[in-house]
Amino acid sequence: MEVKIGTSIILEPLTSDYDDDDIKCKVMDKKDNILYVSYPINVQTGKTLHLLTGTEFRAIFQKEDKIYYAFETKVLGRKNDHIPMIMLSCPPAEEFTRIQRREFVRIKTDVDVAVEHNHQFYQFVTENISAGGIAVKLKNPSLFNLGDKVKLTIVLPYINGKILYVQTDAEVVRIYEKNEQRFAAFKYVDIDQTDQQNILRFCFERQVILMKEMKDLQ
């Protein structure tokens, strides 16, 4: 397994230098343990970012089989070979963390979400969220039916105070009850890869918080 040329990568900062940036780049070349990537851009502004040599990141990418992988990387320098590129370290494949699409961690957390259904907008709070879908607490038990097509706007508040808004088409895949409360589960449909990676990042952050809280209670 390897990171192929043409693969899009999201760089998640491991230091505070780029806390306000969601960074995306593309692999242009690969030699030994070095990735040569296009100059990264800020996903929100579209502006090119100049990364300092030595800066560390967590890289997330998706392979053709819809499986996500993550690895830690560091900026090694720059190279100008017809086009300017950034050099990133690339560890052996056995050091990649595998995240399977159908096995995304589902985090129980309250997140605001707007649902557009039949040209009407409704506000909900999630019961849980993953990079594959969400479940919301229903105020009107008969509002949705299985197979309904909707549009979601999900609010993602990150630890650093940054807030992202993810918009995607979705489908109602389940209506269920728990503790006398009715819920609707949605599956994302043709979600943008960057948006899905941002949700994945949010879930990772929440998972770390939950694990820390559980450890503090022990």
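Residues numbered from 1 in each chain as written. Predicted model: local features only at pLDDT ≥ 70, side-chain atom pairs only at ≥ 80, totals over all residues. Heavy atoms only, no water.

By the naming in an unreviewed UniProt entry, the chain is Glycosyltransferase, taken from Ureibacillus thermophilus.

**Considerations on the pairing of strand β3 (residues 34–38)**
To be explicit about the condition: Categorising residues by exposure relies on relative accessible area from a 1.4 Å probe, with only protein chains included: less than 20% of the type maximum marks a residue as buried, more than 50% marks it as exposed, and the intermediate range marks it as partly exposed. For helices the rule is a DSSP run of H or I covering at least 4 residues; for strands it is a run of E covering at least 2, with both sets numbered from the N terminus onward. Any two strands between which DSSP finds at least two bridges are classified as paired.
For β3, a buried count of 4 out of 5 residues is recorded, marking the element as mostly surrounded by other parts of the structure. As paired strands, strand β2 (residues 23–31) and β3 are joined by 4 bridges and run antiparallel to one another. Within β3, the residue paired with Lys31 across the bridge is Ile34. The turn joining β2 and β3, which pair antiparallel and follow one another in sequence, is formed by 2 residues; a positive phi near 55 degrees is taken by Asp32. With 5 bridges joining them, β3 and strand β7 (residues 83–89) adopt antiparallel strand pairing. Within the sheet, the bridge partner assigned to Ile34 lies in β7 and is Ser89.

**Concerning the packing of aromatic side chains**
We count it as follows: Any pair of Phe, Tyr and Trp rings, taking the six-membered ring for Trp, is counted once the centres come within 6.5 Å. Such a pair is stacked with planes under 30 degrees apart, edge-to-face with planes over 60 apart, and tilted for the rest.
Within the structure shown, the criterion is met by 9 aromatic pairs. Look at Phe71 and Phe96: their rings are 4.9 Å apart centre to centre, the planes differ by 20 degrees, and that puts the pair in the stacked class. With Phe71 in strand β6 (residues 67–81) and Phe96 in the loop between β7 and β8 (97–100), this residue pair connects regions lying 25 residues apart in the sequence. Among the residues examined, Phe71 registers a relative accessible area of 3% and is labelled buried. With a relative accessible area of 11%, Phe96 lands in the buried category. A ring pair is formed by Phe124 and Phe144, whose centres lie 5.9 Å apart and whose planes are at 50 degrees; its orientation type is tilted. Residue Phe124 is found in strand β10 (residues 120–129), and its partner Phe144 is found in the loop between β11 (133–137) and β12 (149–157); the two are separated by 20 residues along the sequence. A single burial state applies to Phe124 and to Phe144, both of which are buried.

**So, the sheet that holds strand β14 (residues 181–189)**
Worth spelling out the cut-off: Note on geometry: axes are lines fitted to C-alpha atoms, helical ones only across the stretch in contact, with angles between N-to-C directions running from 0 to 180 degrees.
Reading around the barrel, the 6 strands line up as β9-β10-β11-β14-β13-β12 and close back on themselves, with antiparallel pairing between neighbours. Within this sheet the neighbouring strands show an average axis-to-axis angle of 45 degrees, counted without direction. The sheet contact formed by strand β9 (residues 112–117) and β10 spans 6 bridges and is antiparallel. Note on β10: the bridge partner recorded for Ala114 is Gln123.

**Here's the deal with the nonpolar core**
Stated precisely, the cut-off is as follows: Only buried Ala, Val, Leu, Ile, Met, Phe, Trp, Tyr and Cys residues count toward a nonpolar core, and they belong to the same one when joined by side-chain atoms within 4.5 Å. Residue ranges assigned to each domain were obtained from an automatic or database domain assignment. By definition in these notes, contact holds between two residues if any of their heavy atoms fall within 4.5 Å.
Phe144, Leu152, Ile154, Phe186 and Ile199 are the most contacted members of the largest nonpolar core, which has 33 residues in total. Every element with two or more residues in this core is listed here: β6, β9, β10, β11, β12, β13 (163–178), β14 and α1 (193–217). Of the residues that make up this core, three or more belong to each of domain 1 (7–99) and domain 2 (106–213). Beyond its immediate chain neighbours, meaning those up to four positions away, Ile154 contacts Val111, Asp112, Val113, Ile129, Ile134, Leu164, Tyr165, Val166, Tyr188 and Ile199. Judged by nonpolar contacts, the second largest core, of 21 residues, contains Leu11, Phe71, Ile86 and Phe96.

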